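Summary of structural features
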Number of protein chains: 2
Amino acid sequence: MEEWDEVEVPNNVKDIFVEMKNTAELMVDLAYSAALFKEKEMAEEVLELEEYLDILNYHLMVRAVLAASRSLEEAEKITSILQMAHSIDEISNAAADLAKIVLEEKIHPLITEVILESEETIGRVAVSPNSVLVGKTLEELDLPTNTGVWPLAIRRGKRWIFDPEEDTRIMPGDIIIGRGTKTALEYLKEIARGVIKVMPNE
Amino acid sequence: MEEWDEVEVPNNVKDIFVEMKNTAELMVDLAYSAALFKEKEMAEEVLELEEYLDILNYHLMVRAVLAASRSLEEAEKITSILQMAHSIDEISNAAADLAKIVLEEKIHPLITEVILESEETIGRVAVSPNSVLVGKTLEELDLPTNTGVWPLAIRRGKRWIFDPEEDTRIMPGDIIIGRGTKTALEYLKEIARGVIKVMPNE
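Presented here is a report on the structure given in the accompanying data block. What you see is a predicted model; the values in this text were computed from it and never measured. (Residues numbered from 1 in each chain as written. Chains lettered and ligands numbered in written order. Predicted model: local features only at pLDDT ≥ 70, side-chain atom pairs only at ≥ 80, totals over all residues. Heavy atoms only, no water.)

1. Considerations on the sheet that holds strand β4 (residues 175-180) of chain B
In a beta sheet, neighbouring strands pair by backbone hydrogen bonds and run either parallel or antiparallel. Residues and elements named next belong to chain B. The strand order across the open sheet built from 4 strands is β1-β4-β2-β3, with neighbouring strands paired in antiparallel fashion. The open sheet has two edge strands, β1 (121-126) and β3 (159-162), and neither has a second partner. On average, each strand axis in the sheet is tilted by 20° relative to the strand beside it, whichever way the strands run. Where strand β2 (residues 150-156) and β4 come together, 5 bridges link them in antiparallel fashion. Looking at the pairing, R155 lines up with I175 of β4. Where helix α2 (residues 13-37) meets the sheet, its contacts fall on β1, β2, β3 and β4, and the angle it forms with β1 comes to roughly 70°. (Pairing = 2+ DSSP bridges. Helix = DSSP H or I, 4+ residues; strand = E, 2+ residues; numbered from the N terminus. Axes fitted to C-alpha atoms, helices over the stretch in contact; angles between N-to-C directions. Contact = heavy atoms within 4.5 Å.)

2. Considering the environment of G180(B)
All names here are of chain B. Within the secondary structure layout, G180 lies in strand β4. Taking the relative accessible area as the measure of exposure, G180 reaches 0% and is therefore buried. Taking the C-alpha atoms as reference points, G180 and V149, separated by 31 residues in sequence, lie 4.7 Å from one another. The residues contacting G180, other than those within four sequence positions of it, are E119, E120, T121, G148 and L185. (Buried < 20%, exposed > 50% of the residue type's maximum accessible area, 1.4 Å probe, protein only.)

3. Some remarks on the relation of the copies chain A and chain B
The operation linking the two copies of the chain is a rotation about an axis combined with a translation along the axis. Between the two copies, chain A and chain B, the superposition gives an RMSD of 0.0 Å; the rotation angle is 180° and the shift along the axis is 0.0 Å. What we have between these two chains is a two-fold relation. Minimal C-alpha separation from the rotation axis in chain A is found for G148(A), amounting to 2.0 Å. Here 100% of the contact residues of chain A are again contact residues in chain B; the copies associate through an equivalent surface. (Least-squares fit on C-alpha atoms with pLDDT ≥ 70 in both.)

4. Some thoughts on empty space enclosed by the protein
Within this structure, the stated rule accounts for 6 cavities of 30 Å³ or more. Here the largest cavity is characterised by a volume of approximately 370 Å³. Every residue lining the largest cavity is counted, 22 residues in all, and those nearest its centre are E25(A), V28(A), D29(A), E25(B) and D29(B). Listed by contribution, the elements that provide at least two residues to the lining of the largest cavity are α2 (13-37) and β1 (121-126) of chain A together with α2 of chain B. Looking at the lining of the largest cavity residue by residue, the classes come out as 11 nonpolar, 1 polar and 10 charged. (1 Å grid on protein atoms, 1.4 Å probe; cavity = no way out; pocket = protein on both sides within 12 Å on 5 of 7 lines; lining within 4 Å. Points joined across faces, edges and corners; volume = space filled by probe spheres on them. Nonpolar A, V, L, I, M, F, W, Y, C, P; charged D, E, K, R; others polar.)

5. Quick look at the packing of aromatic side chains
Pairs of aromatic rings are described using the distance from one ring centre to the other and the angle between the two planes. Residue and element names in this part refer to chain A. Evaluated as defined, the whole model comprises 2 aromatic pairs over all chains. Aromatic side chains W160 and F162 sit 5.4 Å apart centroid to centroid with 15° between the ring planes, which places their arrangement in the stacked category. A residue is classified by how much of its surface remains accessible, and W160, at 9% relative accessible area, is buried. The class of F162 is buried, set by a relative accessible area of 17%. (Phe/Tyr/Trp six-rings, centres within 6.5 Å; stacked < 30°, edge-to-face > 60°.)

6. Things to note about the pattern of salt bridges
Scanning the entire structure with this criterion turns up 28 salt bridges over all chains. Its salt-bridge partner being K14(A), residue E113(B) comes within 3.4 Å of it at the nearest N-O pair. You can see E113(B) sitting in helix α5 (residues 109-117) and its partner K14(A) sitting in helix α2, one on each of two chains. With relative accessibility at 36%, the residue E113(B) sits in the partly exposed group. (Salt bridge = Lys/Arg side-chain N within 4 Å of Asp/Glu carboxyl O.)

7. Let's talk about the layout of surface pockets
Here the largest pocket defines a volume of roughly 920 Å³. Lining of the largest pocket is provided by 29 residues; of these, L26(A), D163(A), P164(A), E165(A) and E119(B) occupy positions nearest its centre. Mapped by element, the contributors of at least two residues to the lining of the largest pocket are α1 (3-6), α2, α3 (40-70), α6 (138-141), α7 (143-147) and β2 (150-156) of chain A together with α8 (182-193) of chain B. Broken down by element, the lining of the largest pocket gets its largest block of residues, 6 residues, from α3(A). Broken down by class, the residue content of the lining of the largest pocket amounts to 13 nonpolar, 4 polar and 12 charged. Considering only enclosed or pocket space, the second largest pocket measures out at about 710 Å³ in volume. Surrounding the second largest pocket, 22 residues form its lining, E119(A), W150(B), D163(B), P164(B) and E166(B) being those nearest its centre. Elements with a minimum of two residues in the lining of the second largest pocket: α8 (182-193) of chain A together with α2, α3 (40-70), α6 (138-141), α7 (143-147) and β2 of chain B. If one sorts the elements of the lining of the second largest pocket by residue count, α2(B) sits on top with 4 residues. The residue inventory of the lining of the second largest pocket, partitioned by class, reads 9 nonpolar, 4 polar and 9 charged.

Have a look at this one:
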């Protein structure tokens, strides 16, 4: 269990819990993206995130049980935290199962069609050098609010940035993998191509 | 099994599959909303959607097995469809478990905090009579693209509209339950209050 020591886990129950929810949601999105684009590296990232989530879940359980033992009245309500953590863990397991199909190369063409036809779909957005996105951080761009697209990952040359941070700066040639409606993705593509020259917040 | 006949199921494998993915995603969002706002009616909707998803899953399996029996080469790839359907079903079960916690009234205050502090959170947006939203359909508004907020449900007086359609028209006094970043939700709230007078697409 040596590798467990190497992972940084947030300090308190709430932050661990928030991190679990965000991680599980990212895993689902990345698993669909991996299936759509047949990206094995992305599928492997999902499996790594599953291990991380198991560690978070373990730490949450330890802390919750400690808290429950201190106050018997609290114990029943704390059970609801463990139940919700279990639900989040189930979601992450489902994402991992999906990622395993990608790694086994058994994706039926229908699966990619289904992801493309969902209400919220996944798109690849190529950033051209003359786009207004270039040189700005994700925080400055706030793509979810301004375009309706949630950035899940960025491919920069051969390197992947999964779950990019607020201070990640968009570079020319970046491929953004994003989740949104078809309209939102089309809109971001126009901005990334340099056809639309202003962001809605400018 | 009489009630199964009453439910309309899409005609082909792809449409059933798309409907399953959309339904499971809605269930997760509604389950979080139900937990945040302690809305039992919303939690019950999640459990009803779970039954609907089971029916969809059954129809998908029947059709997939039929297709597999027609062509042995296809059978292995069709297995990946059943695996993905299973993952979607697992996600929907997790959402249903969450909804059950709401119905059992055992929500720990931390659960609501965690939903509020997630990257994507849930908000209630009250529509004032002088808002530009009033009288427009969801299709015209395209809130996901234009504000980054995904409408999950609308409360109109005592009535709930879950998973509102594209032709649903916003009325004064509507309460929109939406998913998005904190910034996106704040932005939609300003529009709904009538403070911001134009939509970004105008």
